[in-house]
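Letter by letter, the chains look like this.
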Amino acid sequence: MTISLSGLGVTRGYAVGTARVFRRDNIEVPRYEIRAEEVHTEIARFHDALMEAKVELHSVRAQFPENVPREIASFLDTHMLMLEDSLLRDGPVKLIKSHLHNAEWALKLQRDFLVASFDEIGDSYLRTRKDDVEHVVNRVLRALLKQPPESTSISPDHLRGRIIVADDISPTEALYLHQHHVAGFVTEHGGPTSHTAILARNLGIPALVGVSMARQIVLDDDSLIIDAPSGVLLVDADDLMIVHFHGRSRALASDRAALAKLRGATATTADKLRVRLQANVEFPEDIAAAKKIGASGVGLYRTEFLFMERSDPPDEDEQYEAYARAVRAFKNAPVIIRTIDVGADKDPYNSVQTTRANNPALGLRGIRYSLREPALFKTQLRAILRASAHGPARIMFPMLSSLQELAQVTRFVEEVKAELSARRVKFNANTPLGCVIETPAAALVVERLARCVGFLSIGTNDLIQYTLAVDRTDNHVSHLYDPTHPAVLALIRSIIRAGAWANIPVAMCGEMAGDIRYTRLLLGLGLREFSVHPNVMLEVKRMIKSTNVKKLRGDIRRILACHTMQDANDVLETMNNGH
Ligand code: PEP
Ligand code: MG
């Protein structure tokens, strides 16, 4: 009988294969007391294990293909840095000396201490760091116990075409599994922001995380199907299902091939309205992907990612290089560089110090943080303005909620411009300034804001979270997070209208812009600039090309008049299936 288990799909594909279950129990850590005269040898044994772990990590790093994006490779750098960290190096040594613990036990105590302090924080990004500590400590423990490292010791013959089911999979294992052609993997733990999930997404491995009890239910050689888009694992799938999902995989592959043909095509609606499709980029590597897919510029450069996974913030020159590269790559198309949006669920690791707040999403984030750290803010503004000498750069500010903040920000920009002019540094003095409209306060005073800026961008990820009071990272309330809520639609419409009235461009850079369920709705509301991740750009373009905006008027009126989200979604479905 087929059993269906639910989890969180981190990629869009399907996988069909037989199960290989990793039944790795936690490493059994021995505990014994050493003699006082053995302290030095025990510490030396611990240092040797640290060195062995480091050598292993270096060799894994060396096996990475050249084209692996930086964010994938960077977790290994994080792990290497952790091996050098005094908390991990000195803590166990002190325990060996003071309590005469054996090295394994001292390391285990230190790990428990570190993990407990991460648990207290309760922040999703730092929880990912907790996984990193576990992975690093396990690597050192294995070296101390002379156990083979992770599953990278499994023979490749037992991996090809298999679906791996595990408690958790480390990023290094994920890479090893990918290199040996596993069909997909399923883990009991892990969340969508874990490095392993990011890695799976980037490498295109069909994967499900958070499938609780998977290892209790699945047996080796069971036939499995991963339906990642629906977040479902089918166990003991019958032949009919297997045929069905093979068909879906083929359809997905041929759809991707058909979409690829749209790369050079213009984003014009069926009734000849021109739409601008820009890219959201996070890492410098995304620029190449955005160019390749035919983006007409960058609508959102999330610069905070340049500050992550490192111990010091990037200096002015490093930032300038990154921004100038993006601006040069796009030559005449605009590149909108958003100043750092740290805080809430985006806390750079060590690089900038944010505070721990009870409600971080309502705390010191986005522009509030930049205004509190003038040196950091001015360094970034200098770097962006210098990059503006190479092409049409624009500066965008996140989380603005009042005209006072806009005035403060503008003063900083003027100060930096004056400094650059005094130093005779080249920059474009007319670099447009704009803001992300992502708080209800900004949306409600948008007409006034629109008079003072050069462009607007609708940040629906936060606008929806703050308007509906639904934490965007909390899966207990995710069913309430609905872009078709009448309050959200009313705000989106008024922002687009305010832009038209002030004669400035309005784009949307939140995830709603990249979700084809909403493309027609947004076109009907008057949106003509979409900024989306390069991965979804061609799907959105296809939807735009198949839409006759003039014919949408009746449906848009009906959606705006709906009382419930259910009614709005019904009209949306009719609208998406028509034309
Ligand atoms: C948004 O809030 O919609 C947005 C684009 O910004 P971020 O997701 O980075 O908060
Ligand atoms: Mg936002």
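Residues numbered from 1 in each chain as written. Chains lettered and ligands numbered in written order. Predicted model: local features only at pLDDT ≥ 70, side-chain atom pairs only at ≥ 80, totals over all residues. Heavy atoms only, no water.

**Q** Mind laying out the overall build of the chain, listing which residues take part and the relevant values?
**A** What the chain contains, in helices and strands, is 22 helices and 16 strands. For the chain, the C-alpha radius of gyration of 26 Å lies close to 25 Å, the compact-globule estimate for 579 residues. The principal-axis extents of the C-alpha atoms in the chain amount to approximately 80 × 70 × 40 Å. Going through the 579 residues of the chain one by one, you find that 54% of them count as buried. Within the chain, counting contacts between residues at least 6 apart in sequence, those at least 24 apart form 69% of the total. (Helix = DSSP H or I, 4+ residues; strand = E, 2+ residues; numbered from the N terminus. Rg over C-alpha atoms; globule rule 2.2 N^0.38 Å. Buried < 20%, exposed > 50% of the residue type's maximum accessible area, 1.4 Å probe, protein only. Contact = heavy atoms within 4.5 Å.)

**Q** Before we move on, can you summarise the packing of aromatic side chains with the specific residues and values?
**A** Tallying each qualifying case throughout the model produces 4 aromatic pairs. Between Y301 and Y323, the ring centres sit 5.9 Å apart and the planes meet at 90 degrees, which makes this aromatic pair edge-to-face. Placement of Y301 in strand 10 (residues 298–302) and of Y323 in helix 11 (residues 316–330) is noted, with a sequence separation of 22 residues between them. Given the relative accessible area of 0%, Y301 is considered buried. On the accessibility criterion, Y323 (0% relative accessible area) is buried. Lying across the ring of F330, K291 places its NZ or CZ 5.4 Å from the centre. Here R394 stacks its cationic end above the ring of F455, 5.6 Å away from the centre of that ring. (Phe/Tyr/Trp six-rings, centres within 6.5 Å; stacked < 30°, edge-to-face > 60°. Lys NZ or Arg CZ within 6 Å of the ring centre and 35° of its normal.)

**Q** Kindly report on the sheet that holds strand 12 (residues 393–397), identifying the contributing residues and their values.
**A** Spatial ordering of the closed barrel is given by 9-10-11-12-13-14-15-16, a layout of 8 strands whose pairing is parallel. Sheet twist, expressed as the average angle between the axes of neighbouring strands with direction ignored, equals 25 degrees. Here 4 bridges tie strand 13 (residues 433–437) to strand 14 (residues 455–458), and the two strands are oriented parallel to one another. In the sheet register, C435 faces strand 14, and the bridge partner there is L456. The strands touched by helix 10 (residues 284–292) within the sheet are strand 9 (276–281) and strand 10, with strand 9 carrying the most contacts at an inclination of about 155 degrees. (Pairing = 2+ DSSP bridges. Axes fitted to C-alpha atoms, helices over the stretch in contact; angles between N-to-C directions.)

**Q** A description of the coordination of the magnesium ion (ligand 2) should follow, citing residues and the corresponding values.
**A** For a metal bound by four donors in tetrahedral geometry, the ideal donor-metal-donor angle is 109.5 degrees, whereas six donors in octahedral geometry ideally sit at 90 or 180 degrees. Coordination of the magnesium ion (ligand 2) by the protein involves E438 (OE) and D462 (OD), with metal-donor separations of 2.0 to 2.1 Å. Placement of E438 in the loop between strand 13 and helix 15 (440–444) and of D462 in helix 17 (residues 460–468) is noted, with a sequence separation of 24 residues between them. When its relative accessible area of 2% is taken as the criterion, E438 is described as buried. (Donors = N, O, S within 2.8 Å, 3.2 Å for Na, K, Ca; no water.)

**Q** Could you give an account of the sheet that holds strand 6 (residues 207–209), naming the residues involved and the relevant values?
**A** Pairing in this open sheet of 8 strands is mixed, and the strands run 1-8-7-3-4-5-6-2 from one edge to the other. Looking at which strands have only one partner, the edges of the open sheet turn out to be strand 1 (3–6) and strand 2 (8–9). With 5 bridges connecting them, strand 3 (residues 14–21) and strand 7 (residues 223–227) associate as antiparallel partners. Among the inter-strand pairings, Y14 is bridged to a residue of strand 7, identified as D227. On the sheet, helix 9 (residues 239–260) packs against strand 3, strand 7 and strand 8 (232–235) and is oriented at approximately 125 degrees with respect to strand 3.

**Q** Could you give an account of the side chain of R338, with specific residues and numbers?
**A** Mapped onto the elements of the fold, R338 is located in strand 11 (residues 335–338). Its relative accessible area of 4% is what places R338 among the buried residues. Engagement of the side chain of R338 in a polar contact is seen with the side chain of E304, the distance being 2.7 Å. (Polar contact = N/O pair within 3.5 Å; in protein donor to acceptor, adjacent residues only side chain to side chain.)

**Q** Tell me about the pairing of strand 3, and please be specific about residues and values.
**A** The buried fraction of strand 3 is high, at 6 of 8 residues. Note: strand 3 against strand 4 (residues 162–166), 4 bridges, orientation parallel. Bridge pairing links V21 to V165 in strand 4.

**Q** Explain the environment of V413 to me, and be specific about the residues and the numbers.
**A** Along the chain, V413 turns up in helix 14 (residues 403–422). Considering only alpha carbons, one finds V413 and L381, 32 residues apart in sequence, at a separation of 6.8 Å. Filtering out sequence-adjacent residues up to four positions away, V413 remains in contact with L381, L385, F397 and L433.

**Q** Let's hear about the domain arrangement of the chain: which residues, and what values?
**A** Annotation of the chain at the domain level lists domain 1 (3–22 + 156–258), domain 2 (36–151) and domain 3 (261–578). For domain 1 versus domain 3, the separation of C-alpha centres amounts to 33 Å. If you look at the interface, domain 1 gives 5 residues, while domain 3 gives 5 residues. Our count for the domain 1 to domain 3 interface comes out at 1 salt bridge. R542 is the partner of D255 in a salt bridge, and the nearest nitrogen-oxygen pair spans 2.9 Å. Summed over the shared surface of domain 1 and domain 3, the number is 2 residue pairs in polar contact (both at pLDDT 80 or more). Looking at the side of domain 1 that touches domain 3, the element that brings in the most residues is helix 9, giving 3 residues. (Domains from an automatic or database assignment. Salt bridge = Lys/Arg side-chain N within 4 Å of Asp/Glu carboxyl O.)

**Q** Which residues make up the pattern of salt bridges, and what are the values?
**A** Two side chains carrying opposite charge are able to pair once their charged atoms lie near each other. Throughout the structure, instances matching the rule amount to 27 salt bridges. Measuring nitrogen to oxygen at the nearest pair gives 3.5 Å for the salt bridge that ties E38 to R35. R365 is paired through a salt bridge with D341; the nearest N and O atoms lie 2.8 Å apart. Note that R365 is positioned in the loop between strand 11 and helix 12 (367–372) and D341 in the loop between strand 11 and helix 12, a separation of 24 residues in sequence. For R365, a relative accessible area of 2% puts it in the buried group. Given the relative accessible area of 1%, D341 is considered buried. Put simply, E316, D317, K378, R382, R386, E415 and E419 are held in one network by salt bridges that share partners.

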